Amino acid sequence: VQLVGVYVVFASLIIPALVAMGRHHPLVIAWLFGLTMMFVGCFSAVLLDVQPGPMVVIVGCVLAIAEWVWRSRWL
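Residues numbered from 1 in each chain as written. Predicted model: local features only at pLDDT ≥ 70, side-chain atom pairs only at ≥ 80, totals over all residues. Heavy atoms only, no water.

**Q** Before we go on, may I ask you to explain the packing of aromatic side chains in this structure?
**A** Applying the stated criterion across every chain yields a total of 1 aromatic pair. Relative to Phe43, the ring of Phe39 lies with its centre 6.0 Å away and its plane at 10 degrees, an arrangement referred to as stacked. Taken together, the residues span about one helical turn, with Phe39 and Phe43 both in helix H2 (residues 26-48) at a distance of 4 residues. (Phe/Tyr/Trp six-rings, centres within 6.5 Å; stacked < 30°, edge-to-face > 60°. Helix = DSSP H or I, 4+ residues; strand = E, 2+ residues; numbered from the N terminus.)

Dropping the structure here:
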């Protein structure tokens, strides 16, 4: 098992769950965040001509941090 694959699996399972914690309809939020993370990560990997695995992890972390900042600003 390559280390990058472990990071992608970890990011795709844990980051959406963390984002959805404490929200209304957490399952829907987690699914939408996970799908958005995968789509934006793969699309930006194609645009930047880099490997999609690390890009999905980076995009997931950036989106999660942005969501956390947005939520903490308005609470």
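**Q** Is there a simple way to explain the nonpolar core in this structure?
**A** Soluble, globular proteins show a tendency: their nonpolar side chains are buried together. Of all hydrophobic cores here, the largest spans 8 residues; its members are Ala11, Ile15, Val19, Phe33, Met37, Val56, Val57 and Ala64. Elements supplying a minimum of two residues to this core: helix H1 (3-20), H2 and helix H3 (52-74). When sequence neighbours within four positions are dropped, the list of residues in contact with Phe33 reads Ile15, Pro16, Val19, Gly60, Leu63 and Ala64. (Core = buried A, V, L, I, M, F, W, Y, C linked by side-chain atoms within 4.5 Å. Buried < 20%, exposed > 50% of the residue type's maximum accessible area, 1.4 Å probe, protein only. Contact = heavy atoms within 4.5 Å.)

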